[in-house]
Amino acid sequence: MDEFCAITGVDAETSAMYMEMSGYDLDTAIQLFFSMNDGGGGGGEANISPSSSSTGWPHDWISLLFSPPSSGNSPLIPECWLHQGLQTSPPHGDNSADWSQLSLLQHKNGPCGVLAAYQGYLLTHLLQNHSLTPSYIPTVDDATAAVMRLLQTVASPSSAAASPTTIQCCAWTDSVGGVGGSVVTTPCDPDTLRALIPQYLAPGGVLLLLYSVIHTFGVETLQQQHAALLPLLYGSHTLCSSALMNILLTGEARESLSAYDDFGGAIPWNKSPASVGLLSGTEIELKMKIHDGFKFPTQEVYVLHGRDHFTTLLVLPPLSSAGAAHSQLMTMPMPMPAPLPFLDPVTATTPTATPTPPSGSSSSASANGLGPLSFVVVHFNGLPPAGPAITQVQCSTV
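Since we're looking at a predicted model, the values are computed, not measured.

J.: Residues and numbers for the packing of aromatic side chains, please.
T.: Counting across every chain of the model gives 4 aromatic pairs. A centroid spacing of 6.2 Å and a plane angle of 80° characterise the contact between Phe-66 and Trp-81, whose relative ring orientation is edge-to-face. With Phe-66 in the loop between β1 (47–48) and α4 (79–82) and Trp-81 in helix α4, this pair connects stretches of sequence that are 15 residues apart. Judged by relative accessible area, Trp-81 falls into the buried class, the value being 0%. Between Trp-172 and Tyr-211 the ring centres are 6.1 Å apart and the planes differ by 80°, which places this aromatic pair in the edge-to-face class. Placement of Trp-172 in strand β2 (residues 168–172) and of Tyr-211 in helix α8 (residues 205–217) is noted, with a sequence separation of 39 residues between them. Of the two residues examined, Trp-172 and Tyr-211, each falls in the buried class.

Okay, structure coming up:
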């Protein structure tokens, strides 16, 4: 710590804090200090929140996420969030299976929505950098890029009416024994985040990501403009709400993922296509149409929603006798189709019109004279008992 004090000019107490946050790695601690205090991460000093609050949580704003415990014996923050990190690892330790190194193992029910969104941003990053292969092993830089992509989406809502915010990232004040305790929040750039990313990969990392999301979106914004949507986690298993999934995938807090409002009016998608899409079984079970904006992302990576669980789906470029042409189609920007007419949830009236498929989609293959397509989807499910599992399916259009 003496060397850290000599280099930075801080006192012993501040030195101890940065050394703890960096896992007692001197180089990381120094980089973190200057990123936070010397103009890095968008400028400004780190905000170290008080370690106690009137609610019993380490910080009052945690109530934006969790409901108060139902009994005095219940933990303030559920174990499913405290024990979950973002480190990818093969299911059952199998390093040889295709895509195994991209698997995210989920220990308990609860964080699946945040994990699926993070995995989606990781896959889109790898696709756009042409490094995604069945045997690829993600690096620390890949994890950093995935978290930054997610936070950039939260900070830059697609709606023209919303103003961008400064990306914020959180870290445990005590990186050794402080998981679930007080955090430091700071404006964030890739260098700052990379110094902190080991905490995100370790147990409790998914909680840090969630903290970073609500600070980037804005604690006061949630409290003052979206109080009816709080807390963002619900039920005994603290599942991710639709409002939280909207924030993660679009940067906007909206109660529903539907294409229609409560009165049957179509909700416009006045924004760029989502980076990570979303498909839901509620379209069949509840006759609730998910907005088309989620169905045509910039890369064919989707969060899959099934009742109380979220998983991740990767669609690989199609292969056929005209493989090169098909691959080119799949990477073209995809225009957004017009939303379907309202599907009555009671009578399940059949829509009278169908949107025109985008030129890059599988269903437009015949119109482009390319014939049937053959493509592969890879499904990632990290939660027992059905998981952890990776399922690869060969699909064909007719």
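Okay, back to it.
J.: An account of the nonpolar core is needed here, citing residue identities and associated values.
T.: Grouped together as the largest cluster of nonpolar side chains are 84 residues, with contacts concentrated most on Trp-81, Tyr-200, Leu-209 and Tyr-211. In terms of residue count, the dominant contributor to this core is helix α5 (residues 112–128) (10 residues). With sequence-adjacent residues up to four places away left out, Trp-81 is seen in contact with Phe-66, Gly-110, Pro-111, Val-114, Gly-204, Val-206, Leu-207, Leu-210, Leu-233, Thr-238 and Cys-240. Of all hydrophobic cores here, the second largest spans 7 residues; its members include Phe-4, Val-10, Tyr-18 and Met-19.

J.: Hey, could you go over the pattern of salt bridges for me, with residue numbers and the actual values?
T.: A full pass over the atoms with the stated rule returns 6 salt bridges. Asp-141 serves as the salt-bridge partner of Arg-194, at 2.4 Å between the closest nitrogen and oxygen. Taken as a pair, Arg-194 in helix α7 (residues 190–201) and Asp-141 in helix α6 (residues 140–155) lie far apart in primary sequence, 53 residues in all. Judged by its relative accessible area of 40%, Arg-194 is partly exposed. In this structure, Asp-292 engages Lys-295 in a salt bridge whose closest nitrogen and oxygen atoms are separated by 3.7 Å.

J.: So what about α7? Which residues, and what values?
T.: Look at α7: 16 Å from first C-alpha to last across 12 residues, which is about the 16 Å you get at 1.5 Å a residue. Listing the buried residues of α7 in full gives Thr-192, Leu-193, Ala-195, Leu-196, Ile-197, Gln-199, Tyr-200 and Leu-201.

J.: An account of the packing of α5 against α8 is requested, with residue identities and associated values reported.
T.: Where α5 contacts α8, the two axes come as close as 10 Å, and the packing angle between them is 80°. On the basis of the axis angle, α5 is roughly perpendicular to α8. Within the contact between the two elements, α5 uses Val-114, Leu-115 and Tyr-118 and α8 uses Val-206, Leu-209 and Leu-210. The class makeup of the residues in the contact of α5 with α8 is 6 nonpolar, no polar and no charged.

Conventions adopted
Residues numbered from 1 in each chain as written. Predicted model: local features only at pLDDT ≥ 70, side-chain atom pairs only at ≥ 80, totals over all residues. Heavy atoms only, no water. Phe/Tyr/Trp six-rings, centres within 6.5 Å; stacked < 30°, edge-to-face > 60°. Helix = DSSP H or I, 4+ residues; strand = E, 2+ residues; numbered from the N terminus. Buried < 20%, exposed > 50% of the residue type's maximum accessible area, 1.4 Å probe, protein only. Core = buried A, V, L, I, M, F, W, Y, C linked by side-chain atoms within 4.5 Å. Contact = heavy atoms within 4.5 Å. Salt bridge = Lys/Arg side-chain N within 4 Å of Asp/Glu carboxyl O. Expected span 1.5 Å × (residues − 1). Axes fitted to C-alpha atoms, helices over the stretch in contact; angles between N-to-C directions. Parallel < 35°, antiparallel > 145°, perpendicular 65-115°, else oblique. Nonpolar A, V, L, I, M, F, W, Y, C, P; charged D, E, K, R; others polar.

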